[in-house]
Amino acid sequence: MLVSARDMLEKAREGKYAVGQFNINNLEWTKSILLTAEELKSPVILGVSEGAGKYMTGYKTVVGMVNGMLEELKITVPVALHLDHGSYDGCLKCIEAGFSSVMFDGSHYPIEENVAKTTELVAICKDKGLSLEAEVGSIGGEEDGVVGAGECADPDECKAIADLGIDFLAAGIGNIHGKYPENWAGLSFETLAAVKEKVGDMPLVLHGGTGIPADMIKKAISLGVAKINVNTECQLAFAEATRKYIEAGKDQQGKGFDPRKLLAPGAEAIKATVKEKMELFGSVGKA
Ligand code: 13P
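Owing to the predicted nature of the structure, the values given are computational and were not obtained by experimental measurement.

Asker: An account of the packing of helix 2 (residues 27-40) against helix 11 (residues 259-281) is requested, with residue identities and associated values reported.
Answerer: Two elements in contact, helix 2 and helix 11, have axes whose closest approach is 9 Å; the angle formed by their N-to-C orientations is 40°. It follows that helix 2 is oblique to helix 11 by the angle criterion. Note that helix 2 runs across helix 11; the crossing there is right-handed. Contact residues: helix 2 offers E28, W29, S32, I33, L35, T36, A37 and L40, while helix 11 offers L263, A267, I270, K271, V274, K275 and M278.

In structure tokens, the structure reads:
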């Protein structure tokens, strides 16, 4: 059964480790992440962007697929199904469809509007037992066509949003989605410490987990980060493994590629990436 991400992230913050949010795009992706979490006895969060939700034909399909897998793969570790960077309407649709957690990304609204919309969602999520993530300070890079510059969040705005009763907070600290450029200045631990000071025990979320050096990840966890999002690294691993398989020409004597065999190396590559991240984040054995 899907669970809210609230308890797993409170435990992670207390235990000084982070739970990975791995974004899913299809059946193979989802299966690889769930099997790895079960094998490593790690809690896990499956992230779904609005674009990926649409691609998978809608949120109800995603919920049906994930719930089916939890049962048929006999998954026992805590799993949350979480809308990533949701709009207000997207959050309502996912709540209705059976997600166990949503992120409302109001970072592009003026703070007053972010507060108003977040307040409404806090009430709905509390009523239905879902966890809610909010964002302050936009995360840079491109996601689903939305490009942000990687600002650092204002700690007072973080407190204003945290005090509304959300469960965890994504604060921009110079992190960006996708690959980091050569001249990237690194994470702003000063901002992270200032945010932590204001929001106290609220678990913090680090987006843009792809390509952040291990020492920065560990320092971020020591300063209150309890959830780390990874997407691009799984995509790169999947694409590279698939490309190699095709280049090796493993079709069936001119009959073409068996789709299950074609997708298998990519699925294995995702498992390896997820395992490496769970080990780095310290969530192995914590389920
Ligand atoms: P990356 O694609 O950089 O790993 O970021 C993922 C993310 O933050 C999803 O919200």
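Asker: Give me the site of the ligand: which residues, what numbers.
Answerer: Around the ligand lies a shell of 14 residues, among which D84, G208, T210, N231 and T232 are the nearest. The separation between an oxygen atom of the ligand and a polar side-chain atom of H207 is 3.0 Å. A distance of 2.5 Å separates an oxygen atom of the ligand from a polar side-chain atom of T210. Surface burial for the ligand is 99%, taken as the share of its 310 Å² of free accessible area covered by protein chains. Contributions of two or more residues to the shell around the ligand are made by strand 3 (79-86) and strand 10 (225-230). Looking at the shell around the ligand residue by residue, the classes come out as 2 nonpolar, 10 polar and 2 charged.

Asker: Tell me what's going on with the nonpolar core, and back it up with residues and numbers.
Answerer: Ranked by size, the top nonpolar core spans 75 residues in total, and within it I24 and L169 carry the most contacts. Discounting residues that sit within four places of it in the chain, I24 has contacts with W29, T30, I33, L46, G47, V48, A52, M56, V62, M65 and V66. Grouped together as the second largest cluster of nonpolar side chains are 13 residues, M8, A12, F168 and A170 included.

Asker: Tell me about the sheet that holds strand 8 (residues 168-171), and please be specific about residues and values.
Answerer: On the basis of which strands lie adjacent, the closed barrel formed by 8 strands has the order 1-2-3-4-5-8-9-10 and parallel pairing. Sheet twist, expressed as the average angle between the axes of neighbouring strands with direction ignored, equals 25°. In this sheet, strand 2 (residues 44-49) lies alongside strand 1 (residues 19-23) in parallel orientation, the contact comprising 3 bridges. Looking at strand 2, one finds that Q21 is bridged to I45. The sheet contacts of helix 4 (residues 59-72) involve strand 2 and strand 3, and relative to strand 3 the element is tilted by about 160°.

Asker: How would you summarise the pairing of strand 3 if you had to cite specific residues and measurements?
Answerer: Taking burial as the measure, the 8 residues of strand 3 include 8 buried ones, the bulk of the element. Sheet topology note: the strand 3/strand 4 (residues 101-104) ladder contains 3 bridges and is parallel. Bridging across to strand 4, G86 finds its partner in F104. Read as a crossover between parallel neighbours, the route from strand 3 over helix 5 (residues 88-97) to strand 4 is right-handed.

Asker: Account for the pairing of strand 8, with residues named and values stated.
Answerer: Every second residue of strand 8 is oriented toward a common face, with F168 and A170 on one face and L169 and A171 on the other, all of them buried. Bridge count for strand 5 (residues 131-136) against strand 8 is 4 bridges, and the pairing is parallel. Each residue of the ladder has a partner; that of E133, found in strand 8, is F168. Bridging between strand 8 and strand 9 (residues 204-206) involves 2 bridges; their strand directions are parallel. Within strand 9, the position partnered with L169 by the bridge is L204. Chirality of the crossover, the property in question, places the unit of strand 8, helix 8 (residues 189-199) and strand 9 among those that are right-handed.

Asker: For the packing of aromatic side chains, give the residues involved together with the corresponding values.
Answerer: For the coordinates displayed, the defined rule picks out 6 aromatic pairs. Relative to F238, the ring of W29 has its centre 4.6 Å away and its plane inclined at 40°; by these criteria the two rings are tilted. With W29 in helix 2 and F238 in helix 10 (residues 232-247), the pair connects residues that are 209 residues apart, well separated along the chain. For the residue pair W29 and F238, the accessibility class agrees, reading buried in each case. When the centroid spacing of 3.9 Å and the interplanar angle of 40° are considered together, the rings of Y180 and W184 count as tilted. W184 shares its class with Y180; the two are buried. Here K219 stacks its cationic end above the ring of F189, 4.7 Å away from the centre of that ring. Residue placement shows K286 over the ring face of Y17; its charged tip is 4.9 Å from the ring centre.

Each value, and the rule that gives it
Residues numbered from 1 in each chain as written. Predicted model: local features only at pLDDT ≥ 70, side-chain atom pairs only at ≥ 80, totals over all residues. Heavy atoms only, no water. Axes fitted to C-alpha atoms, helices over the stretch in contact; angles between N-to-C directions. Helix = DSSP H or I, 4+ residues; strand = E, 2+ residues; numbered from the N terminus. Parallel < 35°, antiparallel > 145°, perpendicular 65-115°, else oblique. Left-handed = near helix turned anticlockwise from the far one by under 90°. Contact = heavy atoms within 4.5 Å. Near = heavy atom within 4 Å. Polar contact = N/O pair within 3.5 Å; in protein donor to acceptor, adjacent residues only side chain to side chain. Areas by Shrake-Rupley, 256 points an atom, 1.4 Å probe, with all protein chains shown as cover. Nonpolar A, V, L, I, M, F, W, Y, C, P; charged D, E, K, R; others polar. Core = buried A, V, L, I, M, F, W, Y, C linked by side-chain atoms within 4.5 Å. Buried < 20%, exposed > 50% of the residue type's maximum accessible area, 1.4 Å probe, protein only. Pairing = 2+ DSSP bridges. Right-handed = clockwise from strand over helix to strand, strands pointing away. Phe/Tyr/Trp six-rings, centres within 6.5 Å; stacked < 30°, edge-to-face > 60°. Lys NZ or Arg CZ within 6 Å of the ring centre and 35° of its normal.

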